[in-house]
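Breakdown of the fold
Residue-level listing of the chains:
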Amino acid sequence: VMNSIISGHAIGLRQQQEGPAFSNDYNLVTNAVNYDSVNQGPHELVDVNPTLMGPAYGNFHLWVGSPAIDAGSDAAAPALDFEGHARPFDGNGDGAAHADIGADEATGFDVTPYYLPLITRD
């Protein structure tokens, strides 16, 4: 399990049957119990908010400042995200492009403020 966001569940990662341990690293894990019979990977982000745009409305894009941006493993990431954007992309603007954790690669944000006209009633 690599480059995944596992959040909002009773248990994050669990190995239920005996046998060799599975490999996990470069995940963002935030659950009531994060690991059950599984060791935490050395590069995992634990108990941090993934900062998604609107998960309650089905919008699981990474929002500005998400700790998942540029925090994944390039080797474990597919070349394209779920929308077809190329990986890696320097999503946090620090000059070092790395794959993002999760299915979405943050490729830029429109943070331009929009001002609506003030309408008053006389």
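Structure: above.
Throughout what follows, the structure given in this document is the object of discussion.

Procedures and definitions
- Residues numbered from 1 in each chain as written.
- Predicted model: local features only at pLDDT ≥ 70, side-chain atom pairs only at ≥ 80, totals over all residues.
- Heavy atoms only, no water.
- Helix = DSSP H or I, 4+ residues; strand = E, 2+ residues; numbered from the N terminus.
- Buried < 20%, exposed > 50% of the residue type's maximum accessible area, 1.4 Å probe, protein only.
- Areas by Shrake-Rupley, 256 points an atom, 1.4 Å probe, with all protein chains shown as cover.
- Patch = residues over 30% accessible without salt bridge, like charges linked within 9 Å, V, L, I, M, F, W, Y side chains within 5 Å.
- Salt bridge = Lys/Arg side-chain N within 4 Å of Asp/Glu carboxyl O.
- Pairing = 2+ DSSP bridges.
- Core = buried A, V, L, I, M, F, W, Y, C linked by side-chain atoms within 4.5 Å.
- Contact = heavy atoms within 4.5 Å.
- Polar contact = N/O pair within 3.5 Å; in protein donor to acceptor, adjacent residues only side chain to side chain.

**What to know about the overall build of the chain**
- Helix and strand content of the chain: 0 helices and 7 strands.
- When the helices and strands of the chain are placed in sequence order, the string is β-β-β-β-β-β-β.
- A buried classification covers 30% of the 122 residues belonging to the chain.
- Surface summary for the chain: the accessible area is close to 7,900 Å², and the carbon and sulfur share equals 55%.

**What about a nonpolar patch on the surface?**
- Taken together, the side chains of Met 53, Trp 63 and Val 64 define a hydrophobic patch exposed on the protein surface, amounting to about 260 Å² of accessible area.
- Take Met 53: its relative accessible area is 36%, and that puts it in the partly exposed class.

**So, the sheet that holds strand β3 (residues 28-30)**
- Taking strand neighbours across the sheet as the criterion, the 3 strands line up as β1-β3-β5 in an open arrangement whose pairing is parallel. Because the sheet does not close on itself, it has two edges, and the strands there are β1 (5-7) and β5 (45-46).
- Relative to β5, β3 runs parallel, the two being bridged by 2 bridges. Residue Leu 28 lies in a different strand from β5, and its bridge partner there is Leu 45.

**Remarks on the nonpolar core**
- Core analysis: the largest hydrophobic core is formed by 7 residues, namely Leu 28, Leu 62, Ala 68, Ile 69, Ala 71, Ile 101 and Ala 106.
- Listed in part, the 5 residues of the second largest apolar core include Ile 6, Val 29, Tyr 35 and Val 38.

**Focus: the environment of Asp 74**
- Note on placement: Asp 74 falls in the segment after β7 (59-62).
- When sequence neighbours within four positions are dropped, the list of residues in contact with Asp 74 reads Pro 88, Ala 97, His 98 and Ala 99.
- Within the local environment of Asp 74, its side chain forms a polar contact with the side chain of His 98, the two groups lying 3.4 Å apart.

**A short note on the side chain of Glu 105**
- Its place among the elements puts Glu 105 in the segment after β7.
- Within the local environment of Glu 105, its side chain forms a polar contact with the side chain of Arg 87, the two groups lying 2.9 Å apart.
- The residues touching Glu 105, leaving out its near neighbours within four places in the chain, are Asp 81, His 85, Ala 86, Arg 87, Pro 88, Phe 89, His 98, Ala 99 and Asp 100.

No statement about biological role is implied by the geometric values presented.
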